[in-house]
Amino acid sequence: MSLASDDVAELTATDRPVVAERGATTTVVMTGGGATSCAPWLRAHRRRHRRTRLVLAGLDLAAIVVSLVLSLGLAELVGPWAEGGIRRAVIVGGLCLPVWMAALVQSRLYQARFIATRAGEYRRIVRAAGAGAIGMVIANAALGGANLRRAWILAAAVTTVMALVAEREVVRRRFGRLRATRRAARRVVIVGANAEAAALRGAMDADPALGAEFAGYLSVGGASSPSTAADTLGPVDDALAILERVEASHVLVAGSAADLETTKRLARRLLAAGYHLEVSPTLPDIDPERLTLRSFGRFPLMYLEAQHQEGWRAVAKRAFDLAAASVGLVVAAPAMAAVALAVRLDSPGPVLYRQRRVGRRGEPFDVLKFRSMVPDAHQRRSELVARNEADGPLFKIADDPRITRVGRFIRKTSLDELPQLWNVVRGDMSLVGPRPALPEEVAQWAPELHDRLRVQPGITGMWQVSGRSSCSFEDYTRLDLYYVDNWSLARDLEILLRTVPAVLASRGAS
């Protein structure tokens, strides 16, 4: 999610194509060629976003000033300032405020397409802080005299990063709330009326935080699918008139729907008129961090980085799993003892439930859980097939009669999964990974879904933080494959952090 609508990004002749994330689809943002004409409503729209940038710049400046002042006190903790030292630091800091702001602009922290993700924004903030700290060193040298205390410069850089991250997070959440109510949404027209175009429209509808409000489709060559025909506004040749009519500022081209010449002709017309254009490279579910744009003669190419899952990365993941699961077993021991006692007293049968699941490379293992159902639950499953509410090979019933009283509580709170920490210690599972599947589910998988067996199943995963049992089988498939294709240690940490609120809110649990 970006801080503001992508209308924040200005069209300049020097901008290059960049990769940005839009939900489950990666898009290539094409900018360039200053506007030669612009509709009145579009000019007003851009003026509003210029004011947004000015407000954001003011907040950034305030955060930097507070950080520099705070860092004076932090440096004092290391040792007392020399006579005149604080006065000199204040002068240098004041003179370098334009340097700090220039560093933020140079890092493109006021162009939403470059800060669509938190990770991307944080990297740019750190880069800008480094430039600001170097600026203070240069300014001090230019003024002559004694050098500034290195402790203060280091403290200034660190506190500025922390302040800017905190301030930007507040702004991000504010825009997230506005987008959720469509108050900060940009109207988007999709070029193409095929399955990919419909999927792009579905991404907009599913996630209001993207800040995109669907306005309609433009057909290419008169072709459209039954699912898009009702919302088709007209042919792509009439794009300018249609955009004016529906007051849409953005155009998103479904790459598989338009040929190269159509896209080039459309780009020239729209960019010259002041509209924003994005082109889907037909690579859904590929992390933008894996895409690099480079020149190949006059052609821009996208290089797709391989996702290495062996070597030191695999060792680091296993070491983290082993350490975290071992600590987790110790910390959770009292809770596990209490749950075991409650399960024992609530209904007859074993405390732990063992079930055969399919692990990495198709190797079977027994997953451990606290028993939450009656002992003959698996035998009674055939009686409840008609009540199955899940699609595909999954089996879910909202009010499953086999669940015990204690079982309902431990499922809702995910306490039933604590014994799986032992599966992690043994190496059967990872803390983060695809949901461990039943053998009968694997037998019904499409061939592409077997790719999820390239990694170890996990206690939590993208399905956990995206709705768990409320996910459809299509979502379940897409999320698992996205994780496998884009796995990284940083993503594992992100999922673990997102699991905590998901569990506390019992989101999607059953």
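It should be emphasised that the depicted structure is a prediction, and the values quoted were computed from it without experimental measurement.

Chemist: Would you explain the overall build of the protein in this entry?
Modeler: Along the backbone of the protein there are 17 helices and 13 strands. The buried share among the 510 residues of the protein stands at 49%. Relative to all contacts within the protein whose residues are 6 or more apart in sequence, the contacts with residues 24 or more apart total 73%. Surface accessibility of the protein: about 24700 Å² in total, with carbon and sulfur atoms responsible for 61%.

Chemist: Please clarify how unusual backbone geometry should be interpreted in this entry.
Modeler: One can expect most non-glycine residues to show negative phi and most peptide bonds to be in trans. Positive phi is not limited to glycine here, since Glu247 has a value of about 55 degrees. If you trace the backbone, Glu247 turns up in the loop between α7 (239-246) and β6 (250-253). Phi is positive for Arg361, which is not a glycine, with a value near 60 degrees. Note on placement: Arg361 falls in the loop between β10 (352-358) and β11 (364-370). With a relative accessible area of 60%, Arg361 lands in the exposed category.

Chemist: I'm lost on the packing of aromatic side chains in this one. Help?
Modeler: The description of two aromatic rings rests on the distance between their centres and on the angle between their planes. According to the stated counting rule, one finds one aromatic pair in the structure shown. The side chain of Arg168 reaches across the aromatic face of Tyr110, ending 5.3 Å from its centre.

Chemist: Looking at this structure, I do not really get the side chain of Arg411. What am I missing?
Modeler: Here Arg411 is to be found in helix α12 (residues 405-412). No salt bridge is formed by the buried Arg411; its nearest oppositely charged neighbour, Asp416, is found at 4.9 Å. Within the structure, Arg411 has its side chain in polar contact with the side chain of Ser372 (distance 2.8 Å).

Chemist: When you look at the packing of α7 against helix α8 (residues 260-272) in this model, what are you seeing that I'm missing?
Modeler: Pairs of packed helices are described in terms of their axes, by the angle between the two and the distance that separates them. The N-to-C vectors of α7 and α8 enclose an angle of 45 degrees; their axes lie 10 Å apart at closest approach. Overall, the two elements α7 and α8 adopt an arrangement that is oblique. The crossing of α7 and α8 is right-handed. Across the interface between the two elements, Ala239, Leu240 and Leu243 of α7 pack against Leu266, Arg269 and Leu270 of α8. Of the residues assigned to the contact of α7 with α8, the class counts are five nonpolar, no polar and one charged.

Chemist: So what exactly am I meant to see when it comes to the confidence of the model for the protein here?
Modeler: Interpreting fine coordinate detail is not advised for predicted regions of low pLDDT. Of the residues in the protein, 85% reach a pLDDT of 70 or more, and the chain-wide mean stands at 80. Looking over the protein, one finds the lowest element-wise mean pLDDT in strand β1 (residues 18-22), namely 37, and the highest in helix α13 (residues 420-426), namely 94. The low-confidence segment residues 1-36 (pLDDT under 50) makes 143 contacts with residues lying over four places distant or belonging to another chain.

Chemist: Help me understand a nonpolar patch on the surface, please; the structure alone is not making it clear to me.
Modeler: A grouping of Leu61, Val65 and Val69 is seen on the molecular surface, where their side chains present a nonpolar patch of about 230 Å² in accessible area. Residue classification places Val69 among the exposed residues on the basis of a relative accessible area of 54%.

Chemist: Would you explain α7 in this entry?
Modeler: Along an α-helix, residues three or four apart share an orientation, since each turn contains 3.6 residues. Taken together, the buried positions of α7 are Ala239, Ile242, Leu243 and Val246. The arc that holds every buried residue of α7, seen down its axis, measures 100 degrees, which confines them to one face. Residues Ala241 and Arg245 are exposed on α7 and point more than 90 degrees away from its buried face. Once α7 ends, the next one or two residues include Glu247, with phi positive near 55 degrees.

Chemist: Is there a simple way to think about the pattern of salt bridges in this case?
Modeler: Between side chains of opposite charge, pairing is possible as soon as their charged atoms come close. This structure, assessed with the given rule, holds 16 salt bridges. In this structure, the salt-bridge partner of Asp205 is Arg201, at a minimum N-O distance of 2.6 Å. Residue Asp205 and its partner Arg201 are both found in helix α6 (residues 195-206); the two are separated by four residues, about one turn of the helix. Through salt bridges with shared partners, a single ionic network connects Asp60, Glu121, Arg168 and Arg172.

Chemist: Got a minute to help me understand the nonpolar core in this structure?
Modeler: Side chains of a nonpolar character, in soluble globular proteins, are inclined to be buried together. Ranked by size, the top nonpolar core spans 34 residues in total, and within it Ile64, Leu68, Trp100, Leu104, Met136 and Trp152 carry the most contacts. Examining the composition of this core, we find that nine residues originate from one element, helix α5 (residues 150-180), more than from any other. Among all residues touching Met136, those that are not within four sequence positions of it are Leu68, Val92, Cys96, Trp100, Trp152, Ile153 and Ala156. If you look at the next biggest cluster of nonpolar residues, it comprises 28 residues, including Val351, Phe365, Phe370 and Leu431.

Chemist: Explain the pairing of strand β4 (residues 212-219) here, please?
Modeler: Regular strands show a simple pattern: their side chains alternate between the two faces of the sheet. Where burial is concerned, most of β4 is hidden: seven out of the eight residues are buried. In this sheet, β4 lies alongside strand β3 (residues 186-191) in parallel orientation, the contact comprising six bridges. Across the sheet, Arg187 pairs through a bridge with Glu213, a residue of β4. Considered for its hand, the β-α-β crossover made up of β3, α6 and β4 is right-handed. Relative to strand β5 (residues 232-235), β4 runs parallel, the two sharing three bridges. Across the sheet, the residue bridging to Leu218 is Gly234, located in β5.

Reading the values: the criteria
Residues numbered from 1 in each chain as written. Predicted model: local features only at pLDDT ≥ 70, side-chain atom pairs only at ≥ 80, totals over all residues. Heavy atoms only, no water. Helix = DSSP H or I, 4+ residues; strand = E, 2+ residues; numbered from the N terminus. Buried < 20%, exposed > 50% of the residue type's maximum accessible area, 1.4 Å probe, protein only. Contact = heavy atoms within 4.5 Å. Areas by Shrake-Rupley, 256 points an atom, 1.4 Å probe, with all protein chains shown as cover. Phe/Tyr/Trp six-rings, centres within 6.5 Å; stacked < 30°, edge-to-face > 60°. Lys NZ or Arg CZ within 6 Å of the ring centre and 35° of its normal. Lys, Arg positive; Asp, Glu negative; His and termini not counted. Salt bridge = Lys/Arg side-chain N within 4 Å of Asp/Glu carboxyl O. Polar contact = N/O pair within 3.5 Å; in protein donor to acceptor, adjacent residues only side chain to side chain. Axes fitted to C-alpha atoms, helices over the stretch in contact; angles between N-to-C directions. Parallel < 35°, antiparallel > 145°, perpendicular 65-115°, else oblique. Left-handed = near helix turned anticlockwise from the far one by under 90°. Nonpolar A, V, L, I, M, F, W, Y, C, P; charged D, E, K, R; others polar. pLDDT = per-residue confidence, 0-100. Patch = residues over 30% accessible without salt bridge, like charges linked within 9 Å, V, L, I, M, F, W, Y side chains within 5 Å. Arc of directions from axis to C-beta. Core = buried A, V, L, I, M, F, W, Y, C linked by side-chain atoms within 4.5 Å. Pairing = 2+ DSSP bridges. Right-handed = clockwise from strand over helix to strand, strands pointing away.

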